[in-house]
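Fold and contact review
What follows is the residue order along each chain.
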Amino acid sequence: MQWGYAASNPEKAYMADCPTLLQLDALYGGGTSAYWVDTQVSAMFGSSSSREKGVVDGIGIFCQSFSSQISGFKMSEVMLFFARYKAGRYDNSYGAFDSRRIGNAFFKEFVAERNKELDLINRNKLAEEIERRSFIPPAGHTSWSWLQELRKRASMGDKEAIKQLTPP
């Protein structure tokens, strides 16, 4: 389990080049994602105070259904969810294990939070890209005077000036 790493690095969890649960099944065969989710849920059950056999028996059935419903999410995102759930961020009744609460917390709390976080990440990346592309003319020049200077240099054969004047 890499829950701690995912919880400490949510942006990496969202942006990781990591397979979705659907891709996991495509790579390793149908049912692999359900097995992987079962491992995560079983770890949560094992660390809870619940010891009811009926709950254990229902985990597999829940995981088959749950994994099919979250198949479009990356494994790293699902790990982030489980890390946050285990830490008590979602569902205020973690002590009494109930797999339905995991599903409810995922769809009602995590997905909304994920969407907000992804929006912020994407806005920050866009702002960084705009900043990277912004042009600040050399000292002593305005953008117009620098353009005029580049045109003058290009007309005299300056390859760097020609390169700067040539659109990408």
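A brief report on the enclosed structure follows. (Residues numbered from 1 in each chain as written. Predicted model: local features only at pLDDT ≥ 70, side-chain atom pairs only at ≥ 80, totals over all residues. Heavy atoms only, no water.)

1. Overview of the overall build of the chain
Heads up, the rule is: In this text, helices come from DSSP runs of H or I with a minimum length of four residues, and strands from runs of E with a minimum of two, each type numbered from the N-terminal end. The globule rule used for comparison is 2.2 Å times the number of residues to the exponent 0.38, while the radius of gyration itself is calculated over C-alpha atoms. Accessible area is worked out with a 1.4 Å probe on protein chains only. A residue is then buried under 20% of its type maximum, exposed over 50%, and partly exposed in between. Contacts between residues were defined by any pair of non-hydrogen atoms, one from each residue, lying within 4.5 Å. Areas reported as accessible are Shrake-Rupley estimates using a 1.4 Å probe. Residue values count occlusion only from the protein chains shown. Counting rule applied: Lys, Arg positive; Asp, Glu negative; His and chain ends not counted. Where a charge sits is defined by one atom per residue type, namely NZ (Lys), CZ (Arg), CG (Asp) or CD (Glu).
Within the chain one finds 9 helices and 0 strands. Ordered by position in the sequence, the α and β elements of the chain form the string α-α-α-α-α-α-α-α-α. Here the C-alpha atoms of the chain give a radius of gyration of 25 Å, more than 25% beyond the 15 Å that 2.2 N^0.38 yields for 168 residues. Relative to its 168 residues, the chain shows a buried fraction of 35%. Of the contacts made within the chain by residues no fewer than 6 positions apart, 66% connect residues no fewer than 24 positions apart. Of the roughly 10,500 Å² of accessible surface on the chain, a fraction of 56% belongs to carbon and sulfur atoms. Within the chain, the 19 negative side-chain charges are centred at a point lying 4 Å from the centre of the 21 positive side-chain charges.

2. Comments concerning the packing of helix α3 (residues 21-28) against helix α4 (residues 32-46)
To keep it simple, the criterion reads: To define axes, lines are fitted to C-alpha atoms, for helices over the stretch in contact only, and angles between the resulting N-to-C directions are given on a 0 to 180 degree scale. The scheme is simple: roughly parallel for angles under 35 degrees, roughly antiparallel for over 145, roughly perpendicular for 65 to 115, oblique for anything else. Gly is put with the polar residues, along with every residue not named as nonpolar or charged; the nonpolar set is Ala, Val, Leu, Ile, Met, Phe, Trp, Tyr, Cys and Pro, and the charged set is Asp, Glu, Lys and Arg.
Between α3 and α4, whose axes approach to 7 Å, the crossing angle comes to 120°. In terms of their interaxial angle, α3 and α4 are classed as oblique. Together, Leu21, Leu24, Asp25 and Tyr28 of α3 and Thr32, Ser33, Trp36 and Val37 of α4 make up the contact between the two elements. Across the contact of α3 with α4, the residue classes tally to 5 nonpolar, 2 polar and 1 charged.

3. Notes on the nonpolar core
Keep this limit in mind: Take the buried residues of types Ala, Val, Leu, Ile, Met, Phe, Trp, Tyr and Cys, join any two whose side-chain atoms come within 4.5 Å, and each joined set is a nonpolar core.
The biggest cluster of nonpolar side chains holds 34 residues, and the ones touching the most others in it are Val37, Val41, Phe81, Phe82 and Ile102. Listed by contribution, the elements that provide at least two residues to this core are α1 (3-8), α2 (10-15), α3, α4, α5 (53-69), α6 (75-86) and α7 (99-133). By residue number, the principal contributor to this core is α6, which donates 8 residues. The contacts of Ile102, once residues within four sequence positions are left out, are Val41, Phe62, Phe66, Phe81, Phe82, Tyr85 and Phe97.

4. Looking at the side chain of Arg84
Within the element layout of this structure, Arg84 appears in helix α6. With residues up to four places along the chain from it excluded, the contact list for Arg84 reads Pro10, Tyr14, Arg89, Tyr90, Phe110, Glu113 and Glu117.

5. Some details on the packing of α6 against α7
Short version of the rule: Less than a right angle of anticlockwise turn of the near helix away from the far helix marks a crossing as left-handed, whereas a clockwise turn marks it as right-handed.
Between α6 and α7, the shortest axis-to-axis distance is 10 Å and the interhelical angle comes to 115°. Compared by their axis directions, α6 and α7 come out roughly perpendicular. Of the two elements, α6 crosses α7, and the hand of that crossing is right-handed. Where α6 approaches α7, its residues Glu77, Leu80, Phe81, Phe82, Arg84 and Tyr85 are matched on the opposing element by Arg101, Ile102, Ala105, Phe106, Phe110, Glu113, Arg114, Glu117 and Leu118. For the contact of α6 with α7, the per-class residue count stands at 9 nonpolar, no polar and 6 charged.

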